[in-house]
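# Topology and contacts: notes
For reference, the chains in residue letters:
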Amino acid sequence: MFDRLPERVQVYEVGPRDGLQNEKAFVSTEDKIRLIDALAAAGLGRVEITSFVHPRWIPALADADRVAGHYPQRADGPTWTALVPNMRGFERALKAGMREVAVFMSASETHNQRNINKSRDETYAAFEPVFAGCAEHGIAVRAYVSTVWGCPYEGEVDPAAAADVAARLLALGAYQISLGDTIGVGTPLQTRRLLDRIGAQVPLETLAMHMHDTRGTALANCVVGLEYGVTTFDASIAGLGGCPYAPGASGNLATEDLVYMLHGMGIETGIDLDRLVDAGALAQRLLGRTLPGRALQALLAGRPSAG
Ligand code: HMG
Ligand code: MG
């Protein structure tokens, strides 16, 4: 082990979207902007700032158009991105000036149906014009494949199904596929088997990993990904959130936990861990509670003012 680790990893921050989408009390647009600003100040290079889904399905992000409008893409700043489920979402993202979007579907049929109200076949059909519109306007498309490690409705998911979805989304025009352990059930040997199977069908360098820490296995799975040469990992500040249409899916991997581990392994991220902890502390103040990120709690406790 550990003989072929990458020198540098990109951390893809999902807190403002995947984290806040679960919040029951609406976080004001101004507070969302404070959080995104703090993440950018910590050096995160890619931040998913919101979601152009239906506000009835995700009321917490009903202000997507305002949040995105606040972040015009600058050449020298972080890449801003946002979820888009269909053409209506694409039109909203285009109007808001997004230069990158992320589409999403599930490896399992039932989760896909519950999450976006479509079969997987209907979803490809809905994505085709989105990819075409993005190509026309020079907008980059990332794609998520959810429930790769397990489905809350169907249980085990055939790795071949995840590989097929990943391959089709790449063929449609996605530049990166983020494999999601939506309910946080994955374990390291399973991750090996999945990366062997999916990597046999799509180039490993197109893959990112989106792990949930529901059962404490997210970092162990990331280490397997590192060994396979995966260099993009999704994480959520302070461990905020999960998927509201996946029961039990609390616990995105906390960004501070991931960055702490990567830096300790000598892997560069371009992120200032101290300022990341500031962003995590801000998230806790904005939401008025202690959040699950473990490195955040430990590093805050070690600060001189913590007493
Ligand atoms: P639907 O009800 O089937 O939509 O929802 P529809 O196409 O039948 O349209 C119904 C109405 O909604 C129409 O309005 C549309 O215009 C409107 P009407 O004509 O009746 O006035 N509409 C929209 N309005 C605003 N924005 C839109 C939009 N689309 C349609 N984009 C839909 C289908 C996909 C919209 C809905 O199911 C939805 O919004 N789902 C989102 C669910 C979601 O956000 N889940 C969480 C994110 S996924 C996740 O967290 C997993 C991930 O993190 C990875 C992992 O962890 O594995 C990515
Ligand atoms: Mg997620």
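Once a new chain begins, its residue numbering starts again from 1 and follows that chain's sequence as written. Chains carry letters and ligands carry numbers; both start at the beginning, A for chains and 1 for ligands, and go up in the order they are written. In view of the model being predicted, local features appear only for residues whose pLDDT reaches at least 70, and side-chain atom pairs are presented and counted only at 80 or more, with totals across whole chains, interfaces and linings using the full set of residues. Excluding hydrogens and water, the side-chain figures rest on all heavy atoms present in the structure.

Taken together, the protein ligands of the magnesium ion (ligand 2) are Asp-18 (OD), His-210 (NE2) and His-212 (NE2), with distances of 2.0 to 2.5 Å. Positions of the donor residues of the magnesium ion (ligand 2) along the chain correspond to the pattern D-x191-H-x1-H. Pair noted here: Asp-18 is in helix α1 (residues 15–19) and His-212 is in the loop between β7 (207–211) and α9 (218–227), with a separation of 194 residues, a long-range link. His-212 matches Asp-18 in its accessibility class, with the two residues each being buried. Distances define the donors: N, O and S atoms within 2.8 Å of the metal qualify, as do those within 3.2 Å of Na, K or Ca. Water is excluded, so some sites may look unfinished. To qualify as a helix, a DSSP run of H or I must reach at least 4 residues; to qualify as a strand, a run of E must reach at least 2; elements of each kind are numbered from the N terminus. Note on exposure labels: buried denotes an accessible area under 20% of the residue type's maximum, exposed denotes more than 50%, and partly exposed covers the range between, all computed with a 1.4 Å probe on protein chains only.

Further remarks concern the sheet that holds strand β5 (residues 140–146). Note on pairing: DSSP must find at least two bridges between two strands before they are called paired. Read around the barrel, eight strands follow the order β1-β2-β3-β4-β5-β6-β7-β8 and close on themselves; strand pairing throughout is parallel. Direction aside, the axes of adjacent strands within the sheet are offset by 25 degrees on average. Pairing of strand β6 (residues 176–181) with β7, which is carried by five bridges, proceeds in the parallel orientation. When the sheet's bridge partners are listed, Leu-179 is paired in β7 with Met-209. Sheet strands in contact with helix α6 (residues 120–137) are β4 (100–106) and β5, and its direction is about 170 degrees off that of β4. Helix-sheet contacts for helix α8 (residues 188–199) involve β6 and β7, and the interaxial angle to β7 is about 150 degrees. Lines fitted to C-alpha atoms define the axes, with helix axes restricted to the stretch in contact, and inter-axis angles between N-to-C directions lie between 0 and 180 degrees. When checking whether two residues touch, look at their non-hydrogen atoms; a contact exists if any pair is within 4.5 Å.

Of note, Ala-132 is situated in helix α6. A residue is classified by how much of its surface remains accessible, and Ala-132, at 47% relative accessible area, is partly exposed.

So, about the packing of aromatic side chains. Each Phe, Tyr or Trp ring (for Trp, its six-membered ring) is paired with any other whose centre lies within 6.5 Å, and the angle between the two planes then decides the class: stacked below 30 degrees, edge-to-face above 60, tilted in between. For the structure on display, the rule yields one aromatic pair. Ring geometry for Tyr-71 against Trp-80: centres 4.7 Å apart, planes inclined by 55 degrees, an arrangement best described as tilted. Working rule: Lys NZ or Arg CZ, within 6 Å of ring centre, within 35 degrees of ring normal, means a charge sits over the ring. When the ring centre of Tyr-228 is taken as reference, the NZ or CZ atom of Arg-4 above it lies at 5.8 Å. Here Arg-142 stacks its cationic end above the ring of Tyr-12, 3.5 Å away from the centre of that ring.

Right, let's talk about the side chain of Glu-13 for a bit. Position of Glu-13 relative to the elements: it lies in strand β1 (residues 10–13). Neither His nor the chain ends is counted toward charge; the positive residues are Lys and Arg and the negative residues Asp and Glu. Salt-bridge detection follows one rule: a side-chain nitrogen of Lys or Arg within 4 Å of a carboxyl oxygen of Asp or Glu. No salt bridge is formed by the buried Glu-13. Its closest oppositely charged neighbour is Arg-17, at 9.7 Å.

Bringing helix α10 (residues 255–264) into the picture now. By the criterion of burial, α10 is predominantly enclosed, with seven of the 10 residues buried. Among all positions in α10, only Thr-255, Glu-256, Asp-257, Leu-258, Val-259, Met-261 and Leu-262 are buried. Considering only its buried residues, α10 is in contact with β1, α9, β8 (232–235), α11 (273–287) and α12 (294–301). Looking one or two places after α10, you find Gly-266, whose phi comes out positive at around 80 degrees.

Another aspect to go through is the site of ligand 1. Around ligand 1, a shell composed of 27 residues is seen, among which His-54, Asn-86, Asn-115, Asn-117 and Thr-182 lie nearest. Within the side chain of Asn-115, a nitrogen or oxygen atom sits 2.8 Å from a nitrogen atom of ligand 1. Contacts described as polar in this section are N or O atom pairs within 3.5 Å, which, within protein, must combine one atom able to donate a hydrogen with one able to accept it, while residues neighboring in sequence count only if both atoms come from side chains. Interatomic distance of 3.3 Å between a side-chain N/O atom of His-212 and an oxygen atom of ligand 1. Starting from 1100 Å² of accessible surface for ligand 1 in isolation, the protein chains cover 75%. At the level of elements, α1, α4 (87–96), α5 (109–116) and β5 are the ones that each hand at least two residues to the shell around ligand 1. If one sorts the elements of the shell around ligand 1 by residue count, α4 sits on top with three residues. Here the nonpolar group is Ala, Val, Leu, Ile, Met, Phe, Trp, Tyr, Cys and Pro; Asp, Glu, Lys and Arg are the charged ones; every other residue, Gly included, is treated as polar. Among the residues forming the shell around ligand 1, the class breakdown is 11 nonpolar, 11 polar and five charged. We call a residue near a molecule or strand as soon as one heavy atom of that residue lies within 4 Å of the molecule or strand. For accessible areas, the Shrake-Rupley method is used with a probe of radius 1.4 Å. Any residue's cover is judged against the shown protein chains and nothing else.

Our next topic: the pairing of β6. With six of six residues buried, β6 lies mostly within the body of the structure. Of the two faces of β6, the one lined by Gln-176, Ser-178 and Gly-180 and the one lined by Ile-177, Leu-179 and Asp-181 are each fully buried. In this sheet, β6 lies alongside β5 in parallel orientation, the contact comprising four bridges. In the strand pairing of β6, Tyr-144 is matched with Ser-178.

Here we come to the packing of α10 against α11. Packed helices, taken two at a time, are described by the angle between their axes plus the distance between the axes. Interaxial distance between α10 and α11 falls to 10 Å at its minimum, and their mutual angle equals 170 degrees. As judged from the angle between their axes, α10 and α11 are roughly antiparallel. Packed against α10, whose contacting residues are Thr-255, Glu-256, Val-259, Tyr-260 and His-263, the element α11 presents Leu-273, Leu-276 and Gly-280 at the interface. A class-by-class count of the residues in the contact of α10 with α11 yields four nonpolar, three polar and one charged. By definition in this entry, angles of less than 35 degrees are roughly parallel, angles greater than 145 are roughly antiparallel, angles of 65 to 115 are roughly perpendicular, and the rest are oblique.

Here Gln-201 shows up in the loop between α8 and β7. Not counting residues within four places of it along the chain, the set of residues in contact with Gln-201 comprises Ala-163, Asp-164 and Ala-167. Engagement of the side chain of Gln-201 in a polar contact is seen with the side chain of Arg-197, the distance being 2.9 Å.

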